[in-house]
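The primary structure of each chain is shown beneath.
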Amino acid sequence: MKILFNQPKRENDELSLEIDAAIKNVLKSGIYILGNNVTTFEEEFAEYCNTKYCYTVGNGTDALVIALRALGIVKNDEVITVANAGGYSTTACNLVGATPVYIDVDKHRLLLNVDLVPSAISPKTKCVIATHLYGQVVDIKKLRALLDAAGHTEVKILEDCAQAHGATSEGEKVGSLGDIATFSFYPTKNLGALGDGGAITTSCEKLAERCQSLRQYGWISKYCSTVSDGQNSRLDEIHAAILRVKLKQLDAYNQKRRSICTHLHETCRGIVDVVTTPNDDHVSHLFVVRHKNREEICKTLNENGIATDIHYPILDIDQISMNAKSYRSLELKHSNQATKEIFSLPCYTGITRAELDFIRQIFQTKISVITKE
Ligand SMILES: *Cc1c(COP(=O)(O)O)cnc(C)c1O
(Lines give C-alpha, C1' and ligand atoms only; values in the text may rest on other atoms or scores of the structure.)
Protein backbone atom coordinates (compact mmCIF):
# COMPACT_ATOMS: atom_id res chain seq x y z
CA MET A 1 0.00 0.00 0.00
CA LYS A 2 1.17 3.52 -0.82
CA ILE A 3 -0.28 6.34 1.25
CA LEU A 4 0.45 9.85 0.03
CA PHE A 5 0.85 12.69 2.51
CA ASN A 6 -1.92 14.69 0.85
CA GLN A 7 -4.43 14.09 -1.91
CA PRO A 8 -6.84 16.98 -2.43
CA LYS A 9 -7.82 15.33 -5.72
CA ARG A 10 -9.90 12.75 -3.85
CA GLU A 11 -11.92 15.46 -2.12
CA ASN A 12 -12.37 17.41 -5.36
CA ASP A 13 -13.29 14.32 -7.41
CA GLU A 14 -16.26 13.73 -5.13
CA LEU A 15 -17.57 17.17 -6.06
CA SER A 16 -16.58 17.07 -9.70
CA LEU A 17 -20.12 17.51 -11.06
CA GLU A 18 -20.77 20.57 -8.90
CA ILE A 19 -17.32 22.00 -9.59
CA ASP A 20 -17.81 21.47 -13.33
CA ALA A 21 -21.11 23.32 -13.20
CA ALA A 22 -19.56 26.18 -11.22
CA ILE A 23 -16.77 26.57 -13.77
CA LYS A 24 -19.21 26.40 -16.70
CA ASN A 25 -21.28 29.17 -15.13
CA VAL A 26 -18.25 31.43 -14.94
CA LEU A 27 -17.45 30.64 -18.59
CA LYS A 28 -21.02 31.44 -19.54
CA SER A 29 -21.10 34.70 -17.59
CA GLY A 30 -17.94 36.06 -19.21
CA ILE A 31 -17.03 37.82 -15.94
CA TYR A 32 -13.65 36.69 -14.65
CA ILE A 33 -12.54 39.22 -12.03
CA LEU A 34 -14.43 40.62 -9.01
CA GLY A 35 -17.86 39.54 -10.16
CA ASN A 36 -20.83 38.01 -8.46
CA ASN A 37 -19.07 34.81 -7.33
CA VAL A 38 -16.38 36.74 -5.47
CA THR A 39 -18.88 39.08 -3.81
CA THR A 40 -21.18 36.23 -2.85
CA PHE A 41 -18.38 34.03 -1.55
CA GLU A 42 -17.13 36.96 0.55
CA GLU A 43 -20.60 37.39 2.05
CA GLU A 44 -20.93 33.67 2.68
CA PHE A 45 -17.49 33.34 4.23
CA ALA A 46 -18.00 36.41 6.45
CA GLU A 47 -21.26 34.86 7.63
CA TYR A 48 -19.53 31.52 8.23
CA CYS A 49 -16.83 33.21 10.33
CA ASN A 50 -19.35 35.47 12.04
CA THR A 51 -17.62 38.68 10.95
CA LYS A 52 -19.07 41.76 9.28
CA TYR A 53 -16.60 41.79 6.40
CA CYS A 54 -14.56 39.47 4.22
CA TYR A 55 -12.33 40.48 1.31
CA THR A 56 -10.67 37.82 -0.82
CA VAL A 57 -7.13 38.09 -2.16
CA GLY A 58 -4.67 36.08 -4.26
CA ASN A 59 -3.24 33.85 -1.51
CA GLY A 60 -2.73 33.55 2.25
CA THR A 61 0.59 35.40 2.26
CA ASP A 62 -0.88 38.39 0.43
CA ALA A 63 -3.68 38.28 3.00
CA LEU A 64 -1.09 38.65 5.79
CA VAL A 65 0.71 41.50 3.99
CA ILE A 66 -2.51 43.38 3.27
CA ALA A 67 -3.82 42.85 6.81
CA LEU A 68 -0.56 44.19 8.28
CA ARG A 69 -0.72 47.22 5.97
CA ALA A 70 -4.38 47.77 6.82
CA LEU A 71 -3.37 47.87 10.49
CA GLY A 72 -0.96 50.67 9.57
CA ILE A 73 2.19 48.65 10.16
CA VAL A 74 5.21 50.19 8.46
CA LYS A 75 8.98 49.81 8.33
CA ASN A 76 10.64 49.08 11.69
CA ASP A 77 7.39 48.48 13.56
CA GLU A 78 7.58 45.30 15.63
CA VAL A 79 5.27 42.31 15.21
CA ILE A 80 5.29 39.56 17.84
CA THR A 81 4.98 36.04 16.45
CA VAL A 82 6.40 32.51 16.66
CA ALA A 83 9.33 30.94 14.79
CA ASN A 84 7.87 27.44 14.32
CA ALA A 85 4.92 28.15 12.00
CA GLY A 86 6.43 27.80 8.55
CA GLY A 87 7.76 31.31 8.06
CA TYR A 88 4.63 32.85 6.53
CA SER A 89 4.36 35.69 9.04
CA THR A 90 8.09 36.32 8.68
CA THR A 91 7.69 36.61 4.90
CA ALA A 92 4.83 39.05 5.37
CA CYS A 93 6.79 41.13 7.91
CA ASN A 94 9.73 41.28 5.51
CA LEU A 95 7.46 42.49 2.72
CA VAL A 96 6.11 45.38 4.81
CA GLY A 97 9.51 46.08 6.42
CA ALA A 98 8.30 45.22 9.93
CA THR A 99 10.58 43.50 12.44
CA PRO A 100 9.38 40.10 13.63
CA VAL A 101 9.88 39.45 17.35
CA TYR A 102 9.85 35.74 18.13
CA ILE A 103 8.55 34.29 21.37
CA ASP A 104 8.37 30.66 22.43
CA VAL A 105 5.45 28.28 22.08
CA ASP A 106 3.74 26.26 24.80
CA LYS A 107 5.35 22.92 25.46
CA HIS A 108 2.51 20.60 24.46
CA ARG A 109 0.47 22.19 21.68
CA LEU A 110 3.34 24.21 20.18
CA LEU A 111 1.12 27.30 19.87
CA LEU A 112 2.12 30.91 20.63
CA ASN A 113 2.51 31.07 24.42
CA VAL A 114 0.27 34.05 25.19
CA ASP A 115 1.73 34.42 28.69
CA LEU A 116 5.06 35.45 27.14
CA VAL A 117 3.61 38.23 24.98
CA PRO A 118 3.66 41.12 27.50
CA SER A 119 7.38 40.63 28.21
CA ALA A 120 8.17 40.82 24.47
CA ILE A 121 6.49 44.18 23.97
CA SER A 122 8.55 47.29 23.21
CA PRO A 123 7.48 50.85 22.31
CA LYS A 124 7.66 49.73 18.65
CA THR A 125 5.23 46.80 19.03
CA LYS A 126 2.12 47.23 16.88
CA CYS A 127 0.69 43.76 16.49
CA VAL A 128 0.73 40.11 17.54
CA ILE A 129 0.26 37.49 14.83
CA ALA A 130 -1.40 34.46 16.44
CA THR A 131 -1.15 31.45 14.12
CA HIS A 132 -3.76 28.78 14.80
CA LEU A 133 -1.16 26.12 14.04
CA TYR A 134 -2.13 22.61 12.86
CA GLY A 135 -5.81 23.56 13.19
CA GLN A 136 -5.53 24.22 16.96
CA VAL A 137 -6.75 27.52 18.38
CA VAL A 138 -4.62 30.09 20.23
CA ASP A 139 -6.44 31.53 23.26
CA ILE A 140 -7.13 34.97 21.76
CA LYS A 141 -9.43 36.07 24.57
CA LYS A 142 -6.68 35.49 27.14
CA LEU A 143 -4.14 37.21 24.88
CA ARG A 144 -6.38 40.30 24.61
CA ALA A 145 -6.91 40.31 28.38
CA LEU A 146 -3.16 40.05 29.04
CA LEU A 147 -2.41 42.89 26.61
CA ASP A 148 -5.09 45.11 28.08
CA ALA A 149 -4.06 44.37 31.67
CA ALA A 150 -0.49 45.39 30.82
CA GLY A 151 -1.76 48.67 29.33
CA HIS A 152 -1.19 47.69 25.69
CA THR A 153 -4.70 48.29 24.47
CA GLU A 154 -3.38 49.72 21.18
CA VAL A 155 -1.53 46.50 20.22
CA LYS A 156 -3.60 44.67 17.59
CA ILE A 157 -4.19 40.93 17.22
CA LEU A 158 -4.02 39.34 13.79
CA GLU A 159 -5.18 35.71 13.63
CA ASP A 160 -3.51 33.61 10.93
CA CYS A 161 -6.26 31.07 10.23
CA ALA A 162 -4.64 29.44 7.18
CA GLN A 163 -4.68 26.07 8.98
CA ALA A 164 -7.88 26.51 10.93
CA HIS A 165 -10.94 27.34 8.79
CA GLY A 166 -13.96 26.58 10.97
CA ALA A 167 -12.10 26.02 14.26
CA THR A 168 -13.73 27.51 17.35
CA SER A 169 -12.98 28.83 20.80
CA GLU A 170 -15.87 28.61 23.28
CA GLY A 171 -18.18 28.31 20.29
CA GLU A 172 -16.80 31.36 18.50
CA LYS A 173 -15.18 30.92 15.10
CA VAL A 174 -11.55 31.75 14.39
CA GLY A 175 -11.39 34.75 12.10
CA SER A 176 -13.69 36.65 14.47
CA LEU A 177 -11.61 36.48 17.66
CA GLY A 178 -9.00 39.21 17.03
CA ASP A 179 -8.93 42.57 15.23
CA ILE A 180 -8.34 41.07 11.80
CA ALA A 181 -7.71 37.58 10.43
CA THR A 182 -6.25 35.94 7.36
CA PHE A 183 -6.98 32.69 5.50
CA SER A 184 -5.36 30.70 2.69
CA PHE A 185 -7.27 28.51 0.23
CA TYR A 186 -4.19 26.63 -0.99
CA PRO A 187 -5.44 23.23 -2.26
CA THR A 188 -4.45 21.20 0.82
CA LYS A 189 -5.94 23.55 3.41
CA ASN A 190 -9.17 22.61 5.20
CA LEU A 191 -10.98 24.81 2.68
CA GLY A 192 -8.96 24.44 -0.49
CA ALA A 193 -9.37 25.88 -3.98
CA LEU A 194 -8.01 24.36 -7.20
CA GLY A 195 -5.19 26.87 -7.11
CA ASP A 196 -4.11 29.80 -4.94
CA GLY A 197 -6.51 31.95 -2.97
CA GLY A 198 -6.81 33.84 0.30
CA ALA A 199 -9.10 36.02 2.38
CA ILE A 200 -9.17 38.58 5.16
CA THR A 201 -11.98 38.82 7.71
CA THR A 202 -12.71 41.61 10.18
CA SER A 203 -15.64 43.32 11.81
CA CYS A 204 -13.96 46.73 11.76
CA GLU A 205 -15.31 48.88 8.94
CA LYS A 206 -12.17 51.01 8.65
CA LEU A 207 -9.87 47.98 8.37
CA ALA A 208 -12.20 46.34 5.86
CA GLU A 209 -12.21 49.43 3.64
CA ARG A 210 -8.43 49.59 3.72
CA CYS A 211 -8.14 45.91 2.77
CA GLN A 212 -10.53 46.40 -0.13
CA SER A 213 -8.38 49.25 -1.44
CA LEU A 214 -5.03 47.61 -0.71
CA ARG A 215 -5.86 44.47 -2.69
CA GLN A 216 -6.52 46.56 -5.78
CA TYR A 217 -3.88 49.26 -6.40
CA GLY A 218 -4.98 51.34 -3.40
CA TRP A 219 -8.16 52.29 -5.25
CA ILE A 220 -11.18 53.73 -3.46
CA SER A 221 -13.00 53.63 -6.78
CA LYS A 222 -11.96 52.84 -10.33
CA TYR A 223 -8.66 54.59 -11.20
CA CYS A 224 -8.81 56.69 -8.02
CA SER A 225 -6.11 55.67 -5.56
CA THR A 226 -6.32 56.90 -1.97
CA VAL A 227 -4.26 54.34 -0.02
CA SER A 228 -0.51 53.96 -0.52
CA ASP A 229 1.22 50.57 -0.79
CA GLY A 230 -1.68 49.07 -2.70
CA GLN A 231 -1.05 46.00 -4.82
CA ASN A 232 -2.95 43.69 -7.13
CA SER A 233 -4.10 40.58 -5.27
CA ARG A 234 -7.52 39.22 -6.16
CA LEU A 235 -9.31 35.89 -5.99
CA ASP A 236 -10.46 34.81 -9.47
CA GLU A 237 -14.17 34.38 -10.18
CA ILE A 238 -13.51 30.77 -11.12
CA HIS A 239 -11.92 30.01 -7.75
CA ALA A 240 -14.62 31.89 -5.88
CA ALA A 241 -17.24 29.78 -7.68
CA ILE A 242 -15.40 26.58 -6.70
CA LEU A 243 -14.93 27.75 -3.11
CA ARG A 244 -18.66 28.44 -2.84
CA VAL A 245 -19.25 24.77 -3.64
CA LYS A 246 -16.63 23.63 -1.15
CA LEU A 247 -17.61 25.99 1.68
CA LYS A 248 -20.88 24.06 1.95
CA GLN A 249 -18.80 20.97 2.80
CA LEU A 250 -16.40 22.62 5.24
CA ASP A 251 -18.09 21.53 8.46
CA ALA A 252 -18.39 17.96 7.16
CA TYR A 253 -14.74 18.02 6.06
CA ASN A 254 -13.66 19.22 9.50
CA GLN A 255 -15.75 16.54 11.18
CA LYS A 256 -14.07 13.94 8.99
CA ARG A 257 -10.63 15.31 9.83
CA ARG A 258 -11.45 15.12 13.53
CA SER A 259 -12.46 11.49 13.26
CA ILE A 260 -9.24 10.69 11.34
CA CYS A 261 -7.34 12.50 14.09
CA THR A 262 -9.09 10.34 16.71
CA HIS A 263 -8.19 7.17 14.79
CA LEU A 264 -4.54 8.23 14.41
CA HIS A 265 -4.40 9.25 18.07
CA GLU A 266 -5.40 5.72 19.09
CA THR A 267 -2.85 4.33 16.64
CA CYS A 268 -0.06 6.35 18.25
CA ARG A 269 -1.04 5.95 21.89
CA GLY A 270 1.85 4.61 23.96
CA ILE A 271 4.15 4.55 20.92
CA VAL A 272 4.89 8.20 20.12
CA ASP A 273 3.71 11.45 21.78
CA VAL A 274 0.81 13.16 20.04
CA VAL A 275 0.95 16.98 19.73
CA THR A 276 -2.45 17.47 18.07
CA THR A 277 -4.60 15.52 20.51
CA PRO A 278 -8.25 15.37 19.41
CA ASN A 279 -10.78 17.88 20.70
CA ASP A 280 -13.97 19.47 19.45
CA ASP A 281 -12.50 22.95 18.96
CA HIS A 282 -9.71 22.23 16.57
CA VAL A 283 -10.00 21.16 12.95
CA SER A 284 -7.10 18.70 12.53
CA HIS A 285 -5.37 20.42 9.66
CA LEU A 286 -2.28 18.33 10.44
CA PHE A 287 -1.71 15.32 12.67
CA VAL A 288 1.58 15.99 14.43
CA VAL A 289 3.47 13.63 16.73
CA ARG A 290 6.94 13.71 18.26
CA HIS A 291 9.70 11.33 19.24
CA LYS A 292 13.44 11.68 19.76
CA ASN A 293 14.06 8.90 17.24
CA ARG A 294 12.18 10.66 14.44
CA GLU A 295 14.66 9.76 11.69
CA GLU A 296 14.35 6.01 12.15
CA ILE A 297 10.57 6.07 12.61
CA CYS A 298 10.00 8.12 9.45
CA LYS A 299 12.43 5.94 7.50
CA THR A 300 10.49 2.83 8.49
CA LEU A 301 7.13 4.44 7.70
CA ASN A 302 8.39 5.62 4.30
CA GLU A 303 9.84 2.19 3.50
CA ASN A 304 6.40 0.76 4.18
CA GLY A 305 4.76 3.19 1.79
CA ILE A 306 3.48 5.70 4.35
CA ALA A 307 4.49 9.28 3.56
CA THR A 308 5.48 11.63 6.38
CA ASP A 309 6.45 15.28 6.54
CA ILE A 310 7.79 17.78 9.10
CA HIS A 311 5.89 20.96 10.01
CA TYR A 312 8.31 22.60 10.17
CA PRO A 313 11.90 21.40 9.93
CA ILE A 314 13.65 24.80 10.29
CA LEU A 315 12.79 27.61 12.71
CA ASP A 316 12.47 31.03 11.08
CA ILE A 317 15.51 32.32 12.95
CA ASP A 318 17.61 29.48 11.50
CA GLN A 319 16.69 30.06 7.87
CA ILE A 320 19.61 30.97 5.63
CA SER A 321 17.53 33.83 4.25
CA MET A 322 17.26 35.44 7.70
CA ASN A 323 19.47 38.37 8.54
CA ALA A 324 20.13 38.48 12.29
CA LYS A 325 19.68 42.26 12.24
CA SER A 326 16.19 41.97 10.82
CA TYR A 327 14.52 40.35 13.83
CA ARG A 328 14.46 40.20 17.61
CA SER A 329 14.08 36.92 19.46
CA LEU A 330 13.43 35.80 23.02
CA GLU A 331 14.44 32.35 24.22
CA LEU A 332 12.81 29.64 22.08
CA LYS A 333 13.44 26.52 24.16
CA HIS A 334 10.27 24.58 23.33
CA SER A 335 10.28 25.67 19.68
CA ASN A 336 13.85 24.44 19.32
CA GLN A 337 13.26 21.12 21.05
CA ALA A 338 10.08 20.38 19.08
CA THR A 339 11.73 21.13 15.74
CA LYS A 340 14.11 18.22 16.34
CA GLU A 341 11.36 15.73 17.22
CA ILE A 342 8.11 16.48 15.40
CA PHE A 343 6.74 14.82 12.29
CA SER A 344 3.32 14.62 10.66
CA LEU A 345 1.25 11.65 9.49
CA PRO A 346 -1.22 11.70 6.57
CA CYS A 347 -4.47 13.37 7.73
CA TYR A 348 -6.89 14.55 5.03
CA THR A 349 -10.52 14.06 4.10
CA GLY A 350 -9.75 11.65 1.25
CA ILE A 351 -7.82 9.10 3.31
CA THR A 352 -9.61 5.74 3.48
CA ARG A 353 -10.39 3.47 6.41
CA ALA A 354 -8.16 0.78 4.87
CA GLU A 355 -5.27 3.26 4.73
CA LEU A 356 -5.77 4.30 8.35
CA ASP A 357 -5.89 0.62 9.38
CA PHE A 358 -2.68 0.00 7.48
CA ILE A 359 -0.96 2.88 9.29
CA ARG A 360 -2.12 1.35 12.59
CA GLN A 361 -0.78 -2.05 11.60
CA ILE A 362 2.66 -0.63 10.80
CA PHE A 363 2.70 1.30 14.07
CA GLN A 364 1.81 -1.80 16.06
CA THR A 365 4.19 -4.18 14.31
CA LYS A 366 7.17 -1.98 13.45
CA ILE A 367 7.14 1.47 15.05
CA SER A 368 6.39 0.17 18.53
CA VAL A 369 9.54 -1.96 18.29
CA ILE A 370 11.65 1.11 17.48
CA THR A 371 10.26 3.27 20.26
CA LYS A 372 10.57 0.53 22.91
CA GLU A 373 14.34 0.37 22.42
C1 LIG B 1 -0.42 28.03 4.02
C2 LIG B 1 -0.17 29.04 5.08
C3 LIG B 1 0.02 30.39 4.80
C4 LIG B 1 0.24 30.92 3.40
O5 LIG B 1 -0.74 30.72 2.51
P6 LIG B 1 -0.43 30.79 0.92
O7 LIG B 1 -1.79 30.80 0.33
O8 LIG B 1 0.37 29.57 0.59
O9 LIG B 1 0.31 32.04 0.67
C10 LIG B 1 0.12 31.30 5.82
N11 LIG B 1 0.07 30.89 7.10
C12 LIG B 1 -0.04 29.59 7.43
C13 LIG B 1 -0.09 29.21 8.88
C14 LIG B 1 -0.17 28.62 6.44
O15 LIG B 1 -0.29 27.34 6.78
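Throughout this document, residue positions are counted from 1 along each chain, in the order its sequence is written. Whole-chain, interface and lining totals are the exception, using all residues; otherwise, since this is a predicted model, local features are given only for residues with pLDDT of at least 70 and side-chain atom pairs are given and counted only at 80 or more. Derived side-chain values reflect all non-hydrogen atoms in the structure, with water molecules and hydrogen atoms excluded from consideration.

## Topic: the overall build of the protein
Numbered from the N terminus, helices here are DSSP runs of H or I no shorter than four residues, and strands are runs of E no shorter than two. Each helix and strand in the protein was counted, giving 13 helices and 15 strands. The buried label applies to any residue whose accessible area, calculated with a 1.4 Å probe on protein chains only, is under 20% of its type's maximum; exposed applies above 50%, and partly exposed to all values in between. Counting over 373 residues, the protein shows a buried share of 57%. A sequence separation of at least 24 residues applies to 70% of the contacts in the protein between residues at least 6 apart. Surface accessibility of the protein: about 16200 Å² in total, with carbon and sulfur atoms responsible for 50%. In this description, contact between two residues means that some pair of their heavy atoms is separated by no more than 4.5 Å. Note on areas: Shrake-Rupley, 1.4 Å probe, and residue coverage restricted to the protein chains presented here.

## Description of the pattern of salt bridges
Side chains that carry opposite charge are capable of pairing whenever their charged atoms lie near each other. Counted as salt bridges are all cases of a side-chain nitrogen of Lys or Arg within 4 Å of a carboxyl oxygen of Asp or Glu. Scanning all chains against the criterion turns up 17 salt bridges. Ionic pairing is found between Arg 144 and Asp 179, a salt bridge with its closest N-O pair at 3.7 Å. Of this pair, Arg 144 sits in helix α7 (residues 140–149) while Asp 179 sits in the loop between β7 (172–173) and β8 (180–184), and the two are 35 residues apart along the sequence. The structure contains a network of salt bridges with shared partners spanning Arg 144, Asp 148 and Asp 179.

## Considering the confidence of the model for the protein
Note on scores: pLDDT gives the predictor's confidence for each residue, bounded by 0 and 100. On average, residues of the protein carry a pLDDT of 97, and 100% of them reach 70 or more. Taken element by element, the predicted model of the protein shows its lowest mean pLDDT in strand β10 (residues 219–221) (95) and its highest in β8 (99).

## Describing the sheet that holds strand β13 (residues 287–290)
Ordered by their spatial adjacency, three strands build an open sheet running β12-β13-β15, and the pairing between neighbours is antiparallel. Both outer strands of the open sheet, β12 (273–274) and β15 (342–345), are each paired with one neighbouring strand and no more. Direction of pairing for β13 relative to β15: antiparallel, over a ladder of four bridges. The residue bridging Phe 287 from the neighbouring strand is Leu 345, located in β15. Any two strands are treated as partners once DSSP identifies two or more bridges connecting them.

## Considerations on helix α13 (residues 353–372)
The first and last C-alpha atoms of α13 sit 27 Å apart over 20 residues, in line with the 28 Å expected at 1.5 Å per residue. The largest bend in α13 comes to about 40°, at Phe 363. The set of residues buried in α13 consists of Glu 355, Leu 356, Phe 358, Ile 359, Arg 360, Ile 362, Phe 363, Ile 367, Ser 368, Ile 370 and Thr 371. Residues of α13 that are buried make contact with α1 (8–14), α10 (250–268), α11 (294–303) and β15. Here, expected helix span is obtained from the residue count minus one, scaled by 1.5 Å. The bend at a residue is defined as the angle formed between two axes, one fitted to the seven residues ending at that residue and one fitted to the seven starting there.

## Describing the nonpolar core
What makes a nonpolar core is a set of buried Ala, Val, Leu, Ile, Met, Phe, Trp, Tyr and Cys residues whose side-chain atoms join them at distances within 4.5 Å. Judged by nonpolar contacts, the single largest core of 30 residues is most densely connected at Ile 80, Leu 112, Val 117, Val 128, Tyr 134, Leu 143 and Leu 147. Elements represented by at least two residues in this core include exactly α6 (117–120), β4 (125–131) and α7. Ranked by residue count, the leading element in this core is α7, at three residues. For every domain, the bounds stem from an assignment made automatically or drawn from a database. A domain split of this core shows at least three residues from each of domain 1 (8–247) and domain 2 (251–372). Each residue touching Leu 112, except ones within four places of it in the same chain, is listed here: Thr 81, Val 82, Ile 103, Asp 104, Val 105, Val 117, Val 128, Ile 129, Ala 130, Val 138 and Leu 143.

## Structural notes on the site of the ligand
In the vicinity of the ligand, the contacting residues are Asn 59, Gly 60, Thr 61, Tyr 88, Thr 131, Asp 160, Ala 162, Gln 163, Ser 184 and Lys 189. Whenever a nitrogen or oxygen atom comes within 3.5 Å of another N or O atom, the pair is scored as a polar contact, on the condition that within protein one atom can donate a hydrogen and the other can accept it, and that pairs from neighbouring residues in sequence are kept only if both atoms are in side chains. In this structure, an oxygen atom belonging to the ligand sits 2.6 Å away from a side-chain N or O atom of Thr 61. The separation between an oxygen atom of the ligand and a polar side-chain atom of Gln 163 is 2.8 Å. When isolated, the ligand has an accessible area of 390 Å², and the protein chains bury 92% of it. Any residue with a heavy atom lying within 4 Å of a molecule or strand is counted as near it.

## With respect to the UniProt feature "active site" (unreviewed entry) in the protein
UniProt positions are given in the numbering used here, feature names are shortened, and annotations may be inferred rather than shown by experiment. Those places that UniProt annotates as "active site" (unreviewed entry) correspond, in this numbering, to Lys 189. By the secondary structure assignment, Lys 189 is in the loop between β8 and β9 (198–202). Setting aside residues up to four positions removed in sequence, Lys 189 forms contacts with Ala 162, His 165, Ser 184, Arg 257 and His 285.

## Describing the sheet that holds strand β5 (residues 156–160)
Sheet architecture is open: eight strands sit in the order β1-β9-β8-β5-β4-β2-β3-β14, paired in mixed fashion. Each having just a single partner strand, β1 (53–57) and β14 (328–329) make up the two edges of the open sheet. In this sheet, β9 lies alongside β8 in antiparallel orientation, the contact comprising four bridges. When the bridges of β9 are listed, Ala 181 appears paired with Thr 201. Docked against the sheet, α7 engages β4 and β5, running at close to 160° with respect to β5. Only the stretch in contact is used when a helix axis is fitted, and all axes are lines through C-alpha atoms; the angle between N-to-C directions ranges over 0 to 180 degrees.

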